[in-house]
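Spelled out, the chains give:
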Amino acid sequence: MAAALQTLGGGIGITLHWIAFTPTIEQQATEEQKKKWLKLAQDVAIVGAYAQTEMGHGTFVRGLETTATYDPSTQEFVINSPTLTSTKWWPGGLGKTANHATVMAQLYTRGKCYGPHNFMVQIRSLENHQPCPGVTLGDIGPKMESNGNDNGFARFDHVRIPRENMLMKFARVEADGTYVQPPSSKLAYSNMVYLRGTFVMSAAQALASATTIAVRYSCVRRQSEMKPGEPEPQILEYQTQQYKLFPQLAAAYAFWFASWFMTQQHGSITGSMEKGDMSGLAELHALSAGLKSYTTAVTARGIDVCRMACGGHGYSHASGLPALFGGAAALCTAEGENTVMMLQTARYLVKCFAQSQAGKRLTGTVAYLSAVQPSPVAGNRNMSDLGTLVAAFQHRAARMVRHAAMQMQGEMQKGKAREDAWNSCSVLLIKAAEAHVHSFVVRNFAETVQTVEVDESVRAVLTSLCQLYSLYGITEHAGDFLKDGYLTGRDIDAASSHLSAMLARVRPDAVALVDAFDLHDKILRSVLGRYDGRVYEHLYEWAKKSPLNKSEVHESYYKYLQPFLKSNRAKL
Ligand SMILES: CC(C)(COP(=O)(O)OP(=O)(O)OC[C@H]1O[C@@H](n2cnc3c(N)ncnc32)[C@H](O)[C@@H]1OP(=O)(O)O)[C@@H](O)C(=O)NCCC(=O)NCCSC(=O)/C=C/CC(=O)O
Ligand SMILES: Cc1cc2nc3c(=O)[nH]c(=O)nc-3n(C[C@H](O)[C@H](O)[C@H](O)COP(=O)(O)OP(=O)(O)OC[C@H]3O[C@@H](n4cnc5c(N)ncnc54)[C@H](O)[C@@H]3O)c2cc1C
């Protein structure tokens, strides 16, 4: 049943039940509370939404307005939406599907506010699905994509819930209203860290789908003449088509491997946190925020490149690419707007840079910041060597982090407040954080292809893909590498020619590389990306099913066109 509903997910907004509501119970509820709600959620005996964002606040969680005020006389929390802008707005499934929600609200007890905490609130009757007393619900209306999901709104008019409905794994309120501090105030945000980590895999899968569609179609589609008189070639024979698609294909693999690392990191750091060791939380937050931001942004752009690479048929919903793009675009905003997330990573990098300046040896994904950076040397580097490529990306990131941090320090030395110095350097900070995440993705890609247990012939293909991804990044951001002379013009030229060679080397394996994603036609939902390649027959069948083709002469002719034509002809 649960599995069936999981597949139904895209239809009635149950997706967030699985990816946000249930994990929030797992991560924020006590063992006692899990006994009460977790199995109900896992068996879909209740359906939940993750209700955090409000009409007036999504990014700034500390600014949320919904209140949860503790009443010791009845040992209840009173959930209230005090203003219009406090209306919960956007949560998936909230409009019509969910009968429960974890509601993020400002906790008040004994007249003091302790910030945002999660509360379990039943929002609809389990008998007739009507909204519970004091709860107003609805759908927020059509969106860019994913209109099968009822992203909804909710207002609470002094709704009373038992004290035990506060998710109390970390922070607690005792029966008399005493607030018990959590080990870290940010543990209330831990489910967002988890969800951001899952977005990295969502991005990888979306880019894998788009490249599967575009590469397969590029082998079916023949167009133009490469040489006069010769048959029209597959469009994948054009170097420009390879230059559009293969870097996206390489990025799909790179992000897939990055999501493996993210999942492993999340498991080990949250495992340590369970034992009270919070030391890894800051790195986990910075990595998940940066990777989520970087991979979703590259994926959204990459899917649109794949759409354009399929010409007119790419613009048709038959291709599946517009829907993929709409879904990926949402990933750039949901679960932490990308700019804000990348600034969180920048905040961590500036902090680490200051620590390394004070002599601390850095570890983890920022270790390279305290490594002695090789001084810029003349060209003649081996630009096809993965070690050389990884070092170049780390040098670029370290230089940009140092530059942004020093720029900020300079602003403060001129007398600017820290917050003003931060704001006036935030474009530099974003670029430095992006360079940092990019260098992590390249390093992780290189380490994975060198260590993953595969046949050597497969390793060779993956190595070419990793070189292609890295060389594409260097040529696309050449200025960053040239700025301090670490790479020379000759190195960049060498990178470009190696990139061309990699395009040709990947070409014979391109279809195998997308087939390896093993995405069934039912998942791809694309006429252009069909496994059997029978595009044109199925494109025609698909078009014939268009609702407009139900009648030979559409009713709009009689209503609008016929009178319009008639009146125009009468004037002749
Ligand atoms: C933008 C945020 C992070 C700001 O939070 P705030 O409390 O204001 O923190 P500061 O920026 O002041 O930093 C203070 C301090 O806290 C650290 N920190 C922040 N967040 C975390 C965290 N999650 N884990 C650990 N540590 C954290 C930060 O690093 C600072 O540490 P210092 O040592 O430097 O002092 C916050 O408002 C935020 O997360 N906003 C985004 C909201 C969001 O993600 N909403 C998602 C809603 S659910 C959703 O969209 C679902 C979608 C599903 C779908 O569609 O599929
Ligand atoms: C498809 C979809 C599904 C969603 N599902 C859910 C859900 O299930 N549950 C839920 O609770 N929420 C959900 N959301 C809401 C989502 O989490 C928020 O929209 C997101 O966190 C962005 O917040 P916002 O809308 O307030 O954007 P804003 O923060 O208002 O962004 C507007 C602009 O302000 C900029 N900005 C904001 N703060 C800063 C800053 N400090 N520094 C620099 N620039 C800044 C941003 O970069 C952006 O350019 C969903 C949203 C979408 C699109």
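Everything below is about the structure printed above this text.
Along each chain, residues carry numbers from 1 onward, in the same order as the chain's sequence is written. Whichever chain is written first is A, and whichever ligand is written first is 1; the rest continue in order. Local features are withheld for residues below a pLDDT of 70 in this predicted model, meaning they are given only at 70 or higher, and side-chain atom pairs are given and counted only at 80 or more; totals for whole chains, interfaces and linings count all residues. Note that water and hydrogens are dropped before the side-chain values are worked out from all heavy atoms of the structure.

Draft legend 1. Looking closely at the nonpolar core. Counting 114 residues, the largest nonpolar core has Phe 255, Tyr 469 and Ile 474 as its most contacted members. The numbering of helices and of strands both runs from the N terminus, where a helix is a DSSP run of H or I of at least 4 residues and a strand a run of E of at least 2. Among the elements that take part in this core, helix α5 (residues 239-274) stands out by supplying 15 residues, more than any other. Residues count as neighbours in contact if any of their non-hydrogen atoms are within 4.5 Å of one another. Those residues within four positions of Tyr 469 in sequence are excluded, and the remaining contacts are Pro 247, Ala 250, Ala 251, Ala 254, Phe 255, Tyr 294, His 438, Val 441, Val 442 and Phe 445. Take the buried residues of types Ala, Val, Leu, Ile, Met, Phe, Trp, Tyr and Cys, join any two whose side-chain atoms come within 4.5 Å, and each joined set is a nonpolar core. Accessibility here uses a 1.4 Å probe with only protein chains present; expressed as a share of the type maximum, an area under 20% marks a residue as buried, one over 50% as exposed, and anything in between as partly exposed. Among the nonpolar cores identified, the runner-up in size contains 27 residues, and Ala 68, Val 135, Leu 137 and Met 166 belong to it.

Draft legend 2. Structural detail: the site of ligand 2. Whether a residue is near a molecule or strand is decided by its heavy atoms; if any one of them lies within 4 Å of it, the residue is near. Contacts to ligand 2 come from 18 residues, most closely from Tyr 50, Thr 53, Gly 58, Thr 59 and Glu 337. Within 3.5 Å is the distance limit for a polar contact, defined as a pair of N or O atoms, with the added protein rule that one can donate a hydrogen and the other accept it, and that residues adjacent in sequence qualify only through two side-chain atoms. Separating a nitrogen atom of ligand 2 from a side-chain N or O atom of Thr 53 is a distance of 2.7 Å. Protein contact buries 61% of the 970 Å² of open area that ligand 2 shows by itself. The leading source of residues in the shell around ligand 2 is helix α9 (residues 338-357), at 3 residues. Looking at the shell around ligand 2 residue by residue, the class counts come to 7 nonpolar, 9 polar and 2 charged. With residues, only the protein chains shown are counted as cover, and all accessible areas are computed by Shrake-Rupley using a 1.4 Å probe. Only Asp, Glu, Lys and Arg are considered charged, only Ala, Val, Leu, Ile, Met, Phe, Trp, Tyr, Cys and Pro nonpolar, and every remaining residue, Gly among them, polar.

Draft legend 3. How the structure looks around the site of ligand 1. Around ligand 1 sit 26 residues in total, of which Thr 59, Lys 186, Arg 196, Arg 347 and Lys 351 are the nearest. Here an oxygen atom of ligand 1 sits 3.2 Å away from a polar atom, N or O, in the main chain of Val 61. A distance of 2.9 Å is found between an oxygen atom of ligand 1 and a side-chain nitrogen or oxygen belonging to Arg 62. The protein chains hide 80% of the 1100 Å² of surface that ligand 1 would expose on its own. Elements that contribute at least two residues to the shell around ligand 1 include exactly α2 (15-28), α4 (190-220), α6 (281-309) and α9. When residues of the shell around ligand 1 are assigned to their parent elements, the largest contribution, 5 residues, is made by α9.

Draft legend 4. Layout of the pairing of strand β3 (residues 76-80). In terms of burial, β3 is a largely internal element, 4 of the 5 residues being buried. Where strand β2 (residues 67-71) lies against β3, 5 bridges are found, and the strand directions are antiparallel. Its bridge partner lying in β3, Asp 71 is registered against Glu 76. For two strands to pair, DSSP has to find at least two bridges joining them.

Draft legend 5. Highlighting the environment of Ser 218. Within the element layout of this structure, Ser 218 appears in helix α4. For Ser 218, a relative accessible area of 0% corresponds to the buried category. Distance in space between the C-alpha atoms of Ser 218 and Tyr 238 is 9.7 Å, their sequence separation being 20 residues. Apart from residues no more than four positions distant in its own chain, Ser 218 is found in contact with Gln 234, Ile 235, Leu 236, Gln 241 and Leu 245.

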